Amino acid sequence: MTASLALVRITALTKTYPGGTHPALSSVDLEIPEASCFGLLGPNGAGKTTLVSILCGIRRADSGSIRVRDAAGRWFECGARAGWARTGGAADLIGLVPQELAFYPTLTVRENLHYFGTLHGLRGARLRERTDASVAIGRLEAHWGQRAEALSGGLQRRLNLAIGVIHAPPLLVLDEPTVGVDSQSRRFVLEELARLKSGGTTILYTSHYLDEVEQLCDSLAVIDQGRVVAHGSREDLLRDSVVTLRTAARPPAALLEQLAAIPSVTALHHDETALTLASRDPAATLAAAMQAAQRNHVTLVEASMGRRSLETLFFHLTGAQLRDEGVDESIP
Amino acid sequence: MNPFLKLLASVVKEFRVIARDRAGLALLFVMPLGFVTVMSLALQDVLGQPEAAARLRFSIVVLDGDAGLVGRAIVEELANLDFVRVTKLPFADFQQSSAGLREQVRTGQERLALIIPTDLSARLDSALADGGPGALFDAPAGKSIALDLLVDPALRADFRLLVTIAIERILQGIELRRAMTLFTGGDSLLASVPNTAATPRRGGVMRVNNRALETSLARNAGPAISPTSAQQNVPAYSLLAIFMLVVPLSQTFIKERTQGSLTRLRSMPVPGWVIIGGKFVPYFIINLLQMALCLSIGRFVLPLLGGTALRFEHALGGILLLSAAASVAAIAFALMVSLFARTAEQATAFGATAILLLAALGGIMVPRMLMPPVLQKIGLVSPLGWAQDGFLDLFVRGAGVVDVLDRAGALLAFALVCMALAGWRFATLDK
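Residues numbered from 1 in each chain as written. Chains lettered and ligands numbered in written order. Predicted model: local features only at pLDDT ≥ 70, side-chain atom pairs only at ≥ 80, totals over all residues. Heavy atoms only, no water.

## A look at the overall build of chain A
And then number 1: The secondary structure content of chain A amounts to 10 helices and 14 strands.
And then number 2: In terms of its C-alpha atoms, chain A occupies a principal-axis envelope of roughly 75 × 40 × 40 Å.
And then number 3: Sequence-distant contacts, at least 24 apart, represent 68% of the contacts inside chain A between residues at least 6 apart.
And then number 4: Counting every atom, chain A has about 14,200 Å² of accessible surface; 49% of that belongs to carbon and sulfur.
And then number 5: Computed over 33 positive and 36 negative side-chain charges, the separation of the two mean positions in chain A equals 6 Å. (Helix = DSSP H or I, 4+ residues; strand = E, 2+ residues; numbered from the N terminus. Contact = heavy atoms within 4.5 Å. Areas by Shrake-Rupley, 256 points an atom, 1.4 Å probe, with all protein chains shown as cover. Lys, Arg positive; Asp, Glu negative; His and termini not counted. Charge placed at Lys NZ, Arg CZ, Asp CG, Glu CD.)

Have a look at this one:
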């Protein structure tokens, strides 16, 4: 078992909702390596949830396929279709942790874990063993007999995660698992996910917290308007540095043309008075940019260079700022 | 893993969820038990008063095989009574129409029918000519004429008596006036003697053959029983409770949808029928429990509080069948509402309003036979009405399992339509 083998293979996946004018997913091709953490990023409505829904058998694709591989090397088709609900298929290979607290509030921690474990086909000693393991993963031993509704928000998040791993799935899919979680519980969840990854579990992680994705994920894909706009390892995607300029007034078109023409610049994005230039040679780019500003009589109020962050990459690729869209109200 | 074990786990889970929802439990059990007790006792006296019956208007269908002077006079005078509404049945074949009318009354489609025999006018004249004035007191041998008054056994006994006496008086008046016309040489039935002058007598030529139809229904239980307040209200409010599960069921189902549990369930190796069955089975058992408790109240508690006991020992099979069919219909309706409503509030508002409306139309609050004809016809669309009519067949007409198969079938057909719509909606969630 090596990390380079794909556990999930997504091929030409396309999906348009009934009545929708634009496809939610358009010819998406992705591979998720085994025993890695894969980050899926995109602004609100980009198609992340649709992709996760099809992967988890909740929705049906119009065309294309998502396949997941078991330990014996057999590939199983995903998506809501006949056969999904059968034990022994793709559904047993995937554990979903939805963004919502997907359990029964009036049942106890133990009752919730037993119920969802039974639905995964666990019985007897195996059910008890997995329940104990999941409780340990969620560090919920002290709350075993407590009703879920009586747990704190952080503990409820942990229970949500514990239920997702009740059947020890090789692929764990997490949709915004740290939304609304205090910093302590958030750190706990990230630590547990890192532990699961080191234990061989493959993780598909969607989040608006770019620092989490940067910290946790080995590879990632940025998805926008149903299309994959970037896909690769974290190192590859963040290899470029950025030069950031802020002008006193809105820059003229001539300046933008000259900046884009600088040989070391690989991408340019501007928003009002803010200019972001991705570059392989930040020092040369910064010098050339300052000269161009002078030529065009543009006053610079700020100029800096640094390593490209996931946030600037995301901003550059999608033209959207995740935190500006009111998607996640808990972000400070 | 055997999917039935997953179903069992889902049923156990649902029972736990229901048992911990106190408001839901109150709606499921306290509401119907309270209603059954209070309404059965409250309406007992009202329904028991003859004056109340006299204020009612019942429809009577008349098949006038005579079409002569006497037949026409009977129809006219019946129409003058303020507590009946007369519908004259046109016919081509008297025997065939007569048999058809009997069937309609037997099946409860009509509650009262009067069959005026052919040649009544000529036969009355002949009897009066043979017997002279004495025929007014004692019909000559072989000349007595019976007019069949067909009565639905579910019609209250006091009202049946009222109608019978009224028709007897009409017949007496007509017979007397016809005799006076014949013996004094007049030619009009509407001679000087007003029909109110007719006095009770022991004999006469025409008589009402008043009979609750000896049908297959009536034979099952021996003599026909008049409906009591308990017979009306115990099944009525049990049915209301059964259908009212639309509120708790849709609440839990929509919560599962909005809180993500349904998403998680659908990502698991669980067939759709296990998810639906996990809801269906517990509520089905609860519905049967509701019915059993309400019947027990009717049987054992009402008499202790001064009410009339509900006797149902003869109809256990039919009660079980109808209760099961009503429960299946109610759960299917609730699942359909749960899948079409976007929020729990929507489901509660629409579901509860729809059930209360169907209950009102179906004769749950007010017996349907007391409603105006238009409303009675509209009420035929109510599944609660089908079930209530079935229970009245069982309790009042002494029907058996076979006799309520059609009503149970209608309820199951309604359930099938609801489930088809719910299934279609569930499938569109995947798209």
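## A closer look at the overall build of chain B
And then number 1: The number of helices and strands found in chain B is 17 helices and 5 strands.
And then number 2: Accessible area for chain B stands at about 18,200 Å²; split by element, carbon and sulfur atoms hold 64% of it.

## Side note on the pattern of salt bridges
And then number 1: With the rule as written, the count across this model stands at 24 salt bridges over all chains.
And then number 2: The closest approach of N and O atoms between Arg69(A) and Glu34(A), which form a salt bridge, is 3.4 Å. With Arg69(A) in strand β4 (residues 63-69) and Glu34(A) in the loop between β2 (25-33) and β3 (37-41), this residue pair connects regions lying 35 residues apart in the sequence. Note on accessibility: Arg69(A) and Glu34(A) belong to one class, buried.
And then number 3: Between Arg102(B) and Asp148(B) there is a salt bridge; the shortest N-O distance is 2.7 Å. One end of the pair, Arg102(B), is in helix α5 (residues 94-106); the other, Asp148(B), is in strand β4 (residues 145-151), and 46 residues separate them in sequence.
And then number 4: Residue classification places Asp148(B) among the buried positions, given a relative accessible area of 11%.
And then number 5: Residues joined in a network through salt bridges with shared partners are Lys13(B), Glu14(B), Glu256(B) and Lys279(B). (Salt bridge = Lys/Arg side-chain N within 4 Å of Asp/Glu carboxyl O. Buried < 20%, exposed > 50% of the residue type's maximum accessible area, 1.4 Å probe, protein only.)

## Topic: the nonpolar core
All names here are of chain B.
And then number 1: In this structure, Ile319, Phe333, Leu394 and Phe395 are the most contacted members of the largest nonpolar core, which totals 72 residues.
And then number 2: Listing elements by their share of this core, those giving two or more residues are α2 (22-48), α9 (229-243), α10 (246-258), α12 (272-304), α13 (316-340), α14 (344-361), α16 (383-395) and α17 (405-428).
And then number 3: The element that contributes the greatest number of residues to this core is α13, accounting for 14 residues.
And then number 4: Discounting residues that sit within four places of it in the chain, Leu394 has contacts with His314, Ala315, Gly318, Ile319, Leu322, Ala399, Gly400 and Val404.
And then number 5: Core analysis: the second largest hydrophobic core is formed by 33 residues, Leu81, Leu124, Ala135 and Leu171 among them. (Core = buried A, V, L, I, M, F, W, Y, C linked by side-chain atoms within 4.5 Å.)

## Here's the deal with the environment of His208(A)
And then number 1: Mapped onto the elements, His208(A) comes out in the loop between β8 (202-206) and α6 (210-216).
And then number 2: Sequence separation between His208(A) and Pro98(A) is 110 residues; the distance between their C-alpha atoms is 14 Å.

## Quick look at the confidence of the model for chain B
Parts of the model with low pLDDT should not have their predicted coordinates read in detail.
All names here are of chain B.
And then number 1: Averaged over every residue, the pLDDT of chain B is 81; the share at 70 or more is 85%.
And then number 2: In this model, residues 48-54 is a region of pLDDT below 50 whose contacts with residues beyond four sequence positions or in other chains number 11 contacts.
And then number 3: With pTM at 0.71, the complex prediction returns an ipTM value of 0.80. (pLDDT = per-residue confidence, 0-100.)

## Focus on the sheet that holds strand β6 (residues 94-97) of chain A
Residue and element names in this part refer to chain A.
And then number 1: Spatial ordering of the open sheet is given by β6-β7-β8-β3-β9-β10, a layout of 6 strands whose pairing is mixed. With one partner strand each, in any of the chains shown, β6 and β10 (227-233) form the two edges of the open sheet. Strand-to-strand, the axes of this sheet are offset by a mean angle of 15 degrees, without reference to chain direction.
And then number 2: Relative to β8, β3 is paired through 4 bridges, and the arrangement is parallel. (Pairing = 2+ DSSP bridges. Axes fitted to C-alpha atoms, helices over the stretch in contact; angles between N-to-C directions.)

## Some details on the interface of chain B and chain A
And then number 1: Taken together, the contact between chain B and chain A spans 26 residues of the former and 40 residues of the latter.
And then number 2: With both sides pooled, the region where chain B packs onto chain A buries about 2,900 Å², and carbon together with sulfur makes up 58% of that total.
And then number 3: Where chain B touches chain A, the interface holds 2 salt bridges.
And then number 4: For the salt bridge of Arg20(B) with Glu111(A), the shortest nitrogen-to-oxygen distance reads 2.7 Å. (Buried area = accessible area lost by both parts, 1.4 Å probe.)

## Some thoughts on unusual backbone geometry
What is expected of a backbone is that most residues other than glycine have negative phi and most peptide bonds are trans.
And then number 1: A positive phi is found at Ala12(A), a non-glycine position, where the angle reads about 45 degrees.
And then number 2: In this structure, Ala12(A) sits in strand β1 (residues 6-15).
And then number 3: A positive phi angle, near 60 degrees, is found at Asp119(B), a position not held by glycine.
And then number 4: Counting through the fold element by element, Asp119(B) comes out in the loop between β3 (112-116) and α6 (120-131).

## Remarks on helix α4 (residues 153-164) of chain A
And then number 1: Helix length check: α4(A) (12 residues) gives 17 Å between terminal C-alpha atoms against 16 Å at 1.5 Å per residue, within 8%.
And then number 2: For α4(A), a buried count of 11 out of 12 residues is recorded, marking the element as mostly surrounded by other parts of the structure.
And then number 3: Along α4(A), the positions that sit buried rather than exposed are Gly154(A), Leu155(A), Gln156(A), Arg157(A), Arg158(A), Leu159(A), Asn160(A), Leu161(A), Ala162(A), Ile163(A) and Gly164(A).
And then number 4: Buried residues in α4(A) make contact with β6, α2 (109-119), α3 (124-137), β7 (171-175) and α5 (183-198) of chain A together with α11 (261-266) of chain B. (Expected span 1.5 Å × (residues − 1).)

## With respect to helix α1 (residues 3-19) of chain B
Residues and elements named next belong to chain B.
And then number 1: In a regular helix each residue adds 1.5 Å, so 17 residues correspond to 24 Å; α1 covers 24 Å between its end C-alpha atoms and thus fits that length.
And then number 2: Buried within α1 are the following residues: Lys6, Leu7, Ala9, Ser10, Val11, Lys13, Glu14, Val17 and Ile18.
And then number 3: Capping of α1 at its N-terminal end is provided by Asn2; its side-chain oxygen lies 2.8 Å from the backbone amide nitrogen of Phe4. (Polar contact = N/O pair within 3.5 Å; in protein donor to acceptor, adjacent residues only side chain to side chain.)

## So, the sheet that holds β2(A)
All names here are of chain A.
And then number 1: The sheet built from 4 strands is open, its strands ordered β2-β1-β4-β5 with antiparallel pairing. Two strands bound the open sheet, and with one partner strand each, they are β2 and β5 (75-77). Averaged over all pairs of adjacent strands, the angle between their axes in this sheet comes to 20 degrees, without regard to strand direction.
And then number 2: In this structure, β1 lies alongside β4, joined through 5 bridges in antiparallel fashion. Pairing of Arg9 across the sheet is with Arg67, part of β4.
And then number 3: Here helix α1 (residues 48-55) sits on the sheet in contact with β1, β2 and β4, set at roughly 120 degrees to β1.

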